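Observations on the model geometry
The chain contents come next:
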Amino acid sequence: MQITTVSDFRKDIKTYLDRVVKNFETLIINRGKDSGIVVMSLKEYNSLMATNHELSSRKNELRLDAAIDKIKNGSTFNKDLIDK
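None of the values given here were measured: they were computed from a predicted structure. (Residues numbered from 1 in each chain as written. Predicted model: local features only at pLDDT ≥ 70, side-chain atom pairs only at ≥ 80, totals over all residues. Heavy atoms only, no water.)

**Here's the deal with the overall build of the chain**
- Along the backbone of the chain there are four helices and three strands.
- Starting at the N terminus and ending at the C terminus, the chain contains elements arranged as β-α-α-β-β-α-α.
- The C-alpha radius of gyration of the chain comes to 20 Å, more than 25% above the 12 Å expected for a compact globule of 84 residues.
- Overall, the chain is about 55 × 30 × 25 Å in size when its C-alpha atoms are taken along their principal axes. (Helix = DSSP H or I, 4+ residues; strand = E, 2+ residues; numbered from the N terminus. Rg over C-alpha atoms; globule rule 2.2 N^0.38 Å.)

**Considerations on the packing of aromatic side chains**
- By the definition in use, this model includes one aromatic pair.
- Measuring from ring centre to ring centre gives 5.9 Å for Phe9 and Tyr16, while their planes differ by 45°; the resulting arrangement is tilted. Accessibility classification places Phe9 together with Tyr16 in one group, the buried group. (Phe/Tyr/Trp six-rings, centres within 6.5 Å; stacked < 30°, edge-to-face > 60°. Buried < 20%, exposed > 50% of the residue type's maximum accessible area, 1.4 Å probe, protein only.)

**Points about the nonpolar core**
- Core analysis: the largest hydrophobic core is formed by six residues, namely Phe9, Tyr16, Val20, Leu27, Ile29 and Val39.
- Mapped onto this core, the elements with two or more residues apiece are α2 (13-23) and β2 (27-30).
- Once you skip the residues sitting within four places of it in the chain, Tyr16 turns out to touch Gln2, Thr4, Asp8, Phe9 and Leu27. (Core = buried A, V, L, I, M, F, W, Y, C linked by side-chain atoms within 4.5 Å. Contact = heavy atoms within 4.5 Å.)

Shown next, in the form of structure tokens:
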């Protein structure tokens, strides 16, 4: 995560935005006393929105947690795909 001021961001906007996209970094532009703006890549934003959607219902959250537990415990199995 990077933090900068509005003035510094304005001076070198291209470099800041290139770093955000290239390094999947989040940029916080400090605007003074408890005020700021977050800049992130579209790819990162879309990923956050997809995660938010997946966790939006308790049922989905429980299914994902159960799947993660199975992977961690090694209780998964392989299954061949059917070719048509």
